[in-house]
Amino acid sequence: MKWKQLLVGVMMILSATALVACGSSSTKKDNSLKKIQDKGTLTVALNPEFAPFEFKTLVNGKDTIVGADVELAKEIGKELGVKVKFSSMSFDNVLASVQSGKSDIAISGISVTKERQKVYDFSDDYYESVNVVLIRKSEADKYTSTSSFKNKQIAVQKGTIQETIAKNQLKGSKVLTLTQNGEMINELKSGKVDAVVLEEPIAKGYAEKNSDLTIAKKVTLKSSDADAYAIAMTKGSTSLKKKINKVIKKLKDSGKIDEYVQRAYEQSIKD
């Protein structure tokens, strides 16, 4: 009898423990949106080296970050009812800033990959990019296909999708990773590298500003799902993601995103 009572007691304890565990799991709330609204500020990580998406220019004599991504972030801030704070850093630190909690979201021409999806939540895509190869205009006739870059030195920005594209599609090339777009352009102009892989709007901006550079028009790089830009946030940010997707849908449906890109592109080539 005592053994039966002991067994019943053990079963009751185990059942209670299971109920508590289930209860704590089911009541665990996503506070990604509330956390931002409570502090009243949305901190956005970006690398202002991606004109026309984010770049620095003088506004009323003050060094200011502007661009299509900046306008998108401001619209998200309005939807959330909070102020927007931009945190400038190198691209390879943008996602890490979100993971560490220093920033709430990252919006910096970020492509979605399977590896990144393991660590971060991503919004719906807001812009589909096309990647191109930027070269010296004097050597334009040399490059007629991706195989033309065999044994050539190709510069890409560290941590970007372009790094993968150069390695996978420009077979036999020597890929050099650098941290800043400006550094890559200087290396190209000086002849230290033969080409740079960039998103088309960014490459067009540099070509407009530098008469000795041009896009290799006969070279086509394949696109994939990873060539679309999205906003990154910490894993499990369901409520925040829902709000951000609402803003993205509204801006895409109205054509505002394309307007932001075009306006920022025109501004970048004037500066």
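Above this text sits the structure in question.
Conventions used here
- Residues numbered from 1 in each chain as written.
- Predicted model: local features only at pLDDT ≥ 70, side-chain atom pairs only at ≥ 80, totals over all residues.
- Heavy atoms only, no water.
- Salt bridge = Lys/Arg side-chain N within 4 Å of Asp/Glu carboxyl O.
- Helix = DSSP H or I, 4+ residues; strand = E, 2+ residues; numbered from the N terminus.
- Buried < 20%, exposed > 50% of the residue type's maximum accessible area, 1.4 Å probe, protein only.
- Right-handed = clockwise from strand over helix to strand, strands pointing away.
- Pairing = 2+ DSSP bridges.
- Polar contact = N/O pair within 3.5 Å; in protein donor to acceptor, adjacent residues only side chain to side chain.
- Contact = heavy atoms within 4.5 Å.

K.L.:
Tell me about the pattern of salt bridges, and name the residues and values.
P.N.:
Considering all chains together, one arrives at 17 salt bridges under this definition. Taking the shortest distance from any N to any O, the salt bridge between Lys246 and Glu79 comes out at 3.2 Å. With Lys246 in helix α9 (residues 238–253) and Glu79 in helix α3 (residues 68–80), this residue pair connects regions lying 167 residues apart in the sequence. Owing to a relative accessible area of 23%, Glu79 belongs among the partly exposed residues under this scheme. Among the salt bridges present, the one from Lys189 reaches Asp212, with a minimum N-O distance of 2.9 Å. Of the two residues, Lys189 is situated in helix α7 (residues 181–190) and Asp212 in the loop between α8 (200–209) and β13 (213–215); the sequence distance between them amounts to 23 residues. Look at the salt bridges and you will find they share partners, linking Arg136, Glu139, Lys142 and Asp194 into a network.

K.L.:
Now, about unusual backbone geometry: what can you tell me, with residues and values included?
P.N.:
Here the bond from Ala51 into Pro52 is cis, since omega is 10 degrees, no more than 30 degrees from zero. With respect to the secondary-structure elements, Pro52 resides in the loop between β2 (49–50) and β3 (54–59). Despite not being glycine, Asn60 has its phi angle at roughly 55 degrees, a positive value. Structurally, the position occupied by Asn60 is in the loop between β3 and β4 (62–66). Positive phi values are uncommon outside glycine, yet Asn151 reaches one of about 70 degrees. Mapped onto the secondary structure, Asn151 falls in the loop between β9 (131–136) and β10 (153–157).

K.L.:
Any chance you could break down the pairing of β10 for me, citing the residues and the numbers?
P.N.:
When you tally the buried positions in β10, you get four out of five residues, the bulk of the element. The β-α-β motif built from β10, the intervening helix α6 (residues 161–169) and the parallel element strand β11 (residues 174–178) has right-handed crossover chirality. Both β10 and strand β12 (residues 195–199) contribute to a ladder of two bridges, which runs parallel. Counted as the bridge partner of Ala155 is Val196 from β12.

K.L.:
Give me the lowdown on the side chain of Arg136, citing residues and values where you can.
P.N.:
For Arg136, the location among the structural elements is in strand β9. The class of Arg136 is buried, set by a relative accessible area of 12%. A polar contact is formed between the side chain of Arg136 and the backbone oxygen of Leu188, at a distance of 2.6 Å. In this structure Arg136 touches Leu188, Gly191, Val193, Asp194, Asp212, Leu213 and Thr214, once residues within four positions along its chain are discounted.

K.L.:
Outline the environment of Leu213, listing residues and values.
P.N.:
Note on placement: Leu213 falls in strand β13. On the basis of relative accessible area, Leu213 is assigned to the buried category, the value being 2%.

K.L.:
Can you tell me about the sheet that holds β2, naming the residues and giving the values?
P.N.:
With antiparallel pairing, the three strands of this open sheet are ordered in space as β2-β3-β4. Pairing within the sheet leaves two strands with one partner each, and these edge strands are β2 and β4. Both β3 and β4 contribute to a ladder of five bridges, which runs antiparallel. Looking at the pairing, Leu58 lines up with Asp63 of β4.

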